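Structural characterization, general
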Amino acid sequence: MDELNGKLIACQILITGLIARVANEQRDPLRFLTDFRDEIKAVVGGVNIAGMDNTDRVRVTAQRTVDELFSLMKPPSSD
């Protein structure tokens, strides 16, 4: 289980870096990040979760993960 958690954390870090890289190439990186976060949250809110008794718990955990992922990103520096 620890190996799986480590791999998931590594994937989150890679995805965060990729999103930040793409955002830095945009004219308005903060707006891009906000729009992207909102799209991801909408997908998480609408995805069909089958085979679970408590899908609400899974959805809340996924929403928290999205929030955590985007909280790792800092706004662009002013210099």
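Described in the following lines is the structure provided in the data block. Since this is a predicted model, take the numbers as computed values, not measurements.

Now for the environment of Asn 48. Structurally, Asn 48 is set in the loop between helix H2 (29-46) and helix H3 (55-71). Taking the C-alpha atoms as reference, Asn 48 lies 9.8 Å from Arg 59; in sequence the two are 11 residues apart.

The subject of this paragraph is the packing of aromatic side chains. Taken as a whole, this structure holds 1 aromatic pair when the rule is applied. Considering the side-chain rings of Phe 32 and Phe 36, the 5.9 Å spacing of their centres and the 15° angle between planes classify their relative orientation as stacked. With Phe 32 and Phe 36 both in helix H2, this residue pair falls 4 residues apart, about one helical turn.

On to the pattern of salt bridges, then. Overall, the coordinates contain 4 salt bridges when judged by the stated rule. We note a salt bridge from Arg 37 to Asp 38, for which the minimum N-O separation is 3.2 Å. Relative accessible area serves as the criterion here: at 28%, Arg 37 is assigned to the partly exposed category.

Quick look at the environment of Thr 34 now. Note that Thr 34 resides in helix H2. Residue Thr 34 is classed as partly exposed on the basis of its relative accessible area, which comes to 31%. In sequence terms Thr 34 and Phe 70 are 36 residues apart; their C-alpha atoms lie 9.0 Å from each other.

Rules used throughout
Residues numbered from 1 in each chain as written. Predicted model: local features only at pLDDT ≥ 70, side-chain atom pairs only at ≥ 80, totals over all residues. Heavy atoms only, no water. Helix = DSSP H or I, 4+ residues; strand = E, 2+ residues; numbered from the N terminus. Phe/Tyr/Trp six-rings, centres within 6.5 Å; stacked < 30°, edge-to-face > 60°. Salt bridge = Lys/Arg side-chain N within 4 Å of Asp/Glu carboxyl O. Buried < 20%, exposed > 50% of the residue type's maximum accessible area, 1.4 Å probe, protein only.

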